Amino acid sequence: MSKYPELITNFLSFVKVNTRSDPNSTTIPSAERETHFLNMLKEKLEKMGLADVHTNEQSAYVFATLPANTEQAVPTVGLISHIDTADFNAENVTPKIVKNYDGQSVIPLDKAGKYTLDPAVFKSLKKYKGDTLITTDGATLLGADDKSGVAEIIAAIAYLQANPTIKHGTIKIGFGPDEEIGTGADHFDVNDFGADVAYTVDGGPLGDLNYETFNAAEAKVTIQGTDVHPAEAKGVMVNAIQLGIDFHEALPEFDRPERTAGRQGFFHIYDFQGSVDHTSLTYIIRDHDRERFEARKRLFKGIADQMNAELGTERIKVTLKDQYYNMGEIIQKDPAVVEVAEQAMKNVGVQPHIFPVRGGTDGSKISFMGLPTPNLFAGGENMHGRFEYVSEQTMEKAVDVIIEIVKLFAEK
């Protein structure tokens, strides 16, 4: 029997609630369904007897406090997870349980057998021999990103409440919206949250510990053409589609997500809408190194400037918007928050896997707000789609790590 009896029960109930965020919305949260779920969590935290449970008006985060049970002056630790899910079907999520997985069998998801978890394709499955896996039914995502983190934080707090002999300082809990669309932490209220250090519980497989992320920007290119009849086009027509193609081909050929790994940055085009008269391209620009990141943006703008000069008029306009920065810049100034997490993992038998994220977390923005916030594993695999799954045993280990972290801070 699990020492965290409500961990999986809560998780299974959480994922059944659609909390998909809306990238086209301008509200906070971006979807009313997120507000509904956050209110459910707020009520749950109140029933647990936590202090100062409230919704922060600025950010829509639900905050709560587990008071310290030690008189020693120890850092206040924050635990943060997001409640929204990614841009994939999240309606009528129906989790499936695979007990004592043998590490080699193909797991059918839907009844027709169209979708499967095959170890030949998803090699991560081989790591989970003997574990209980929670999968989708093939029609939706699962929502382990990041409702596993939400369930793990709640389980850790409940365990500490039930075991008051475990000494800990003040613990702050934060559940927020819209991480998946990149806006969730934009309005995070560090002062209201009140932590000295924090962790997002939003990582992937067992042992993941991240304190470096990409530097990130979005780039939009708009191109104005001149559309005339092709029979009379010579010397008159300016084909905005062709200019868009030319612009894209001027970027480094190998600096694309599908051709890069590790610390290699990229330019990623993810939308191209065009006619001869008007064309638009949308990119994300990524690099772990700030200088290379800035150089990428200069190159991007320089291509447009050169093409405009050759055209003799400004037909190509570039709009760049920074999204987040590498939180390693902040955390490396005082790495204690990472060192404690690393030691906590070792203490509970988890081998830390520290690597730079090829993406970002809410902690990327929160760290630059003055609250160092690295990222802990929450257990999800194949996130953001129908092949998502999570191991029950990994989720339990995540709870172990959270509890060990607050114990270590109380001992410092």
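Residues numbered from 1 in each chain as written. Predicted model: local features only at pLDDT ≥ 70, side-chain atom pairs only at ≥ 80, totals over all residues. Heavy atoms only, no water.

1. Side note on the overall build of the chain
Part 1: For the chain, the count of helices and strands is 10 helices and 17 strands.
Part 2: Against the 2.2 N^0.38 benchmark of 22 Å for 412 residues, the chain shows a C-alpha radius of gyration of 23 Å, consistent with a compact globule.
Part 3: Projected onto its principal axes, the C-alpha coordinates of the chain cover approximately 85 × 55 × 35 Å.
Part 4: The buried share among the 412 residues of the chain stands at 53%.
Part 5: Across the chain, the fraction of contacts at a sequence separation of at least 24, relative to all contacts at a separation of at least 6, is 79%.
Part 6: Within the structure as shown, the chain displays about 18400 Å² of accessible surface, and the carbon and sulfur contribution to it stands at 49%.
Part 7: Of the side-chain charges in the chain, 41 are positive and 60 negative, and the distance between the mean point of each set is 4 Å. (Helix = DSSP H or I, 4+ residues; strand = E, 2+ residues; numbered from the N terminus. Rg over C-alpha atoms; globule rule 2.2 N^0.38 Å. Buried < 20%, exposed > 50% of the residue type's maximum accessible area, 1.4 Å probe, protein only. Contact = heavy atoms within 4.5 Å. Areas by Shrake-Rupley, 256 points an atom, 1.4 Å probe, with all protein chains shown as cover. Lys, Arg positive; Asp, Glu negative; His and termini not counted. Charge placed at Lys NZ, Arg CZ, Asp CG, Glu CD.)

2. Brief notes about the side chain of aspartate 145
Part 1: When you line up the elements, aspartate 145 lands in helix α3 (residues 144–162).
Part 2: For the buried aspartate 145, no salt bridge exists, and the shortest N-O distance to an oppositely charged side chain is 10 Å, to lysine 147.
Part 3: Looking at aspartate 145, its side chain comes within polar contact range of the side chain of histidine 82, at 3.0 Å.
Part 4: Among residues more than four places away in sequence, those in contact with aspartate 145 are His82, Asp84, Thr85, Glu180, Asp202, Met383, His384 and Glu388. (Salt bridge = Lys/Arg side-chain N within 4 Å of Asp/Glu carboxyl O. Polar contact = N/O pair within 3.5 Å; in protein donor to acceptor, adjacent residues only side chain to side chain.)

3. Regarding empty space enclosed by the protein
Part 1: Scanning the model with the defined rule gives 1 cavity of 30 Å³ or more in all.
Part 2: Taken together, His248, Leu251, Pro252, Asp255, Arg256 and Phe267 make up the lining of the largest cavity. (1 Å grid on protein atoms, 1.4 Å probe; cavity = no way out; pocket = protein on both sides within 12 Å on 5 of 7 lines; lining within 4 Å. Points joined across faces, edges and corners; volume = space filled by probe spheres on them.)

4. With respect to helix α2 (residues 32–47)
Part 1: Taking 1.5 Å per residue, 16 residues should reach 22 Å; α2 reaches 23 Å between its end C-alpha atoms and fits that length.
Part 2: Three or more residues of α2 are buried, namely Glu34, Phe37, Leu38, Leu41 and Leu45. The buried residues of α2 all sit within an arc of 100° when viewed along its axis, so they share a single face. Pointing more than 90 degrees away from the buried face of α2 are the exposed residues Glu32 and Lys47.
Part 3: Packed against the buried residues of α2 are α1 (7–15), β1 (51–55), β2 (62–66), α3 and β8 (171–176).
Part 4: Looking at the residues trailing α2, positive phi occurs at glycine 49, about 85°. (Expected span 1.5 Å × (residues − 1). Arc of directions from axis to C-beta.)

5. Side note on the packing of α1 against α3
Part 1: Running from amino to carboxyl end, α1 crosses α3 at an angle of 145°, the nearest separation of the two axes being 9 Å. Considering how the two elements wind past one another, α1 and α3 form a crossing that is right-handed. Contacts between α1 and α3 involve Leu7, Asn10, Phe11, Phe14 and Val15 from the former and Ala144, Lys147, Ser148, Val150, Ala151, Glu152, Ile154 and Ala155 from the latter.
Part 2: Each residue belonging to the contact of α1 with α3 can be placed in one class, and the counts come to 9 nonpolar, 2 polar and 2 charged. (Axes fitted to C-alpha atoms, helices over the stretch in contact; angles between N-to-C directions. Left-handed = near helix turned anticlockwise from the far one by under 90°. Nonpolar A, V, L, I, M, F, W, Y, C, P; charged D, E, K, R; others polar.)

6. Digging into the pattern of salt bridges
Part 1: Evaluated as defined, the whole model comprises 16 salt bridges.
Part 2: Notably, a salt bridge pairs lysine 297 with glutamate 294, separated by 3.2 Å at the nearest N-O pair. In this pair, lysine 297 and glutamate 294 both sit in helix α6 (residues 290–311), 3 residues apart, roughly one turn of the helix.
Part 3: For lysine 297, a relative accessible area of 11% gives the class buried.
Part 4: For glutamate 294, a relative accessible area of 25% translates into the label partly exposed.
Part 5: Note that aspartate 322 and lysine 297 form a salt bridge whose closest N and O atoms lie 2.9 Å from each other. Here aspartate 322, found in strand β14 (residues 316–324), pairs with lysine 297, found in helix α6; they are 25 residues apart in sequence, far enough to count as distant.
Part 6: Through salt bridges with shared partners, a single ionic network connects Asp255, Asp287, Arg292 and Arg296.

7. Some words on the nonpolar core
Part 1: Grouped together as the largest cluster of nonpolar side chains are 64 residues, with contacts concentrated most on Phe11, Leu45, Leu50, Ile157, Phe175, Tyr199 and Ile405.
Part 2: Considering every element that reaches this core, the biggest residue donor is helix α10 (residues 392–411), with 10 residues.
Part 3: Ignoring anything within four residues of it in the chain, the contact list for tyrosine 199 reads Val77, Gly78, Leu79, Ile80, Val337, Val340, Ala341, Thr373, Pro374, Leu376, Ile405 and Phe409.
Part 4: Grouped together as the second largest cluster of nonpolar side chains are 20 residues, Leu243, Phe247, Leu251 and Met307 included. (Core = buried A, V, L, I, M, F, W, Y, C linked by side-chain atoms within 4.5 Å.)

8. Section: the pairing of β8
Part 1: With 6 of 6 residues buried, β8 is to be regarded as a mostly interior element.
Part 2: The side-chain alternation of β8 yields two buried faces, one formed by Ile171, Ile173 and Phe175 and the other by Lys172, Gly174 and Gly176.
Part 3: Examined bridge by bridge, β2 and β8 share 5 bridges and lie antiparallel to one another. Paired with valine 62 across the two strands is phenylalanine 175, which belongs to β8. (Pairing = 2+ DSSP bridges.)

9. A look at the packing of α1 against α10
Part 1: Relative orientation of the contacting elements α1 and α10 amounts to 110°, with a least axis distance of 11 Å. Taken together, the axes of α1 and α10 lie roughly perpendicular to each other. At the point where α1 passes α10, the crossing takes the right-handed sense. Between α1 and α10, the residues in contact are Leu7, Ile8 and Phe11 and Glu392, Met395, Glu396 and Val399, respectively. (Parallel < 35°, antiparallel > 145°, perpendicular 65-115°, else oblique.)

10. Points about the sheet that holds strand β4 (residues 96–98)
Part 1: Read from one edge of the open sheet, 3 strands run β4-β7-β17, paired in antiparallel fashion. Of all the strands in the sheet, the pair left with one neighbour each is β4 and β17 (389–391). Mean inter-strand twist for the sheet, computed between neighbouring axes without regard to direction, equals 20°.

11. Considerations on the sheet that holds β2
Sheet strands associate in pairs through backbone hydrogen bonding, adopting either a parallel or an antiparallel arrangement.
Part 1: The 8 strands lie next to each other as β1-β2-β8-β3-β9-β16-β10-β15, forming an open sheet whose pairing is mixed. In this open sheet, the two strands that pair with only one neighbour each are β1 and β15 (353–354).
Part 2: With respect to the sheet, α2 is in contact with β1, β2 and β8, its orientation differing from that of β1 by roughly 170°.

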